[in-house]
Amino acid sequence: MDALDLLEQQHLEVSALMARIAAEPSPGLRTAMVAQLSRMIDAHVRIEETYLYPVCAERMAGDRKPLHDAYEKHGLARFAADNLLRTRVTDVRFEARLRLLRDIFAHHADEEEDILFPKAKRGLTDEQLDVIGSDLERAYEVLLRVGVPAGAPLARSQRGWPRRGAHAVRALRPVSRRRGEALRVRGC
Ligand SMILES: [Fe+2]
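Counting restarts for each chain: residues are numbered from 1 in the order of the written sequence. The model is predicted, so local features are restricted to residues of pLDDT at least 70 and side-chain atom pairs to those at 80 or more, both for listing and for counting; the totals for chains, interfaces and linings are taken over all residues.

**Focus on the overall build of the protein**
And step 1. A count of helical and extended segments in the protein gives 7 helices and 0 strands.
And step 2. Here the protein, with 188 residues, has 30% of them falling under the buried criterion.
And step 3. Contact definition: two residues whose C-beta atoms, as placed from backbone geometry, lie within 7 Å. Here the analysis covers contacts within the protein between residues at least 6 apart in sequence; of these, 73% occur between residues at least 24 apart. In this text, helices come from DSSP runs of H or I with a minimum length of four residues, and strands from runs of E with a minimum of two, each type numbered from the N-terminal end. Around each residue's C-beta, the other C-beta atoms within 10 Å are counted; 20 or more make the residue buried, 12 or fewer make it exposed, and counts in between make it partly exposed. All C-beta atoms are placed from the backbone.

What follows is the structure in structure tokens.
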């Protein structure tokens, strides 16, 4: 699957889950849904930072402002998601914290889809986007299942990953790199 289509699909899935959480009357179901939401957001930003952003960074030396903005939005989304996860669904602040996360994530999705993804689309062939898409899809599924401890580094080549994250680390190693097929990009 095309990497950008996959990431846009994840934006929709995350947004849809937040809407379902807002409408869910059962505290038990809401709590379970928030845990799932937190895993989805964490996995989504990790695979973007591991696979897509480095490729764009190579090609955006002259104007990395959109990329810097994207990293900052990831930080905000992580903070808001962690904050929501630590908030009881019966807490009076829960609704406000969910609304904040929805706003931050919507902003993140809009900026990527309007600015960053079009640049990536111009810089990569359809085949390259499919290769990255396969890596993204595989890593996302593993991260949802296994996860990586909070605060663990994201870099694929980072040494000393915590043991619990070992499976996810292997999943984050791009298939394309393991096959020695360096991605050549035209420029984002
Ligand atoms: Fe995204």
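**A word on the packing of helix α1 (residues 3-23) against helix α5 (residues 126-145)**
And step 1. At their nearest, the axes of α1 and α5 sit 7 Å apart, and the two run at 40° to each other. Relative to α5, the element α1 is oriented oblique. In contact with A3, L4 and L6 of α1, α5 contributes L129, I132, G133, L136 and E137.
And step 2. Ten residues, namely Ala, Val, Leu, Ile, Met, Phe, Trp, Tyr, Cys and Pro, are considered nonpolar, four, namely Asp, Glu, Lys and Arg, are considered charged, and the remaining ones, Gly among them, are considered polar. A breakdown of the residues in the contact of α1 with α5 according to their chemical character gives 6 nonpolar, 1 polar and 1 charged. Angles here are taken between N-to-C directions and fall from 0 to 180 degrees, while the axes themselves are lines fitted to C-alpha atoms, restricted in helices to the stretch in contact. An angle counts as roughly parallel when it lies under 35 degrees, as roughly antiparallel when it exceeds 145, as roughly perpendicular when it falls between 65 and 115, and as oblique in every other case.

**Re the confidence of the model for the protein**
And step 1. A residue-level look at the protein finds 78% of positions with pLDDT of 70 or above and a mean pLDDT of 84.
And step 2. Across residues 178-182, where pLDDT falls below 50, the model places 2 contacts with residues more than four positions away in sequence or in other chains. Across the chain, each position has a pLDDT score giving the predictor's confidence in that residue, from 0 to 100.

**A closer look at the packing of helix α2 (residues 27-59) against helix α3 (residues 65-85)**
Two packed helices can be described by the angle between their axes and the distance between those axes.
And step 1. Interaxial distance between α2 and α3 falls to 10 Å at its minimum, and their mutual angle equals 165°. When the axis of α2 is compared with that of α3, the two are roughly antiparallel. Seen along the crossing, α2 lies across α3 with a hand that is left-handed. Residues V34, A35, L37, S38, I41, V45, E49, Y53, C56 and A57 of α2 pack against L67, A70, H74, A77, R78, A81, L84 and L85 of α3. The handedness criterion is simple: a crossing whose near helix is rotated anticlockwise from the far helix by less than a right angle is left-handed, and one whose near helix is rotated clockwise is right-handed.

**Considerations on the nonpolar core**
If you look at soluble globular proteins, the nonpolar side chains tend to sit buried side by side.
And step 1. Throughout this description, the term nonpolar core refers to a group of buried Ala, Val, Leu, Ile, Met, Phe, Trp, Tyr and Cys residues whose C-beta atoms join them within 7 Å. Counting residues in each nonpolar core, the largest one holds 22 residues, and the members touching the most others are A3, L52, A120, I132 and L136.
And step 2. Contributing elements (two or more residues each) for this core: α1, α2, α4 (94-123) and α5.
And step 3. With 7 residues, α5 is the largest single contributor of residues to this core.
And step 4. Excluding its chain neighbours within four sequence positions, the residues that come into contact with I132 are A3, Y51 and L52.

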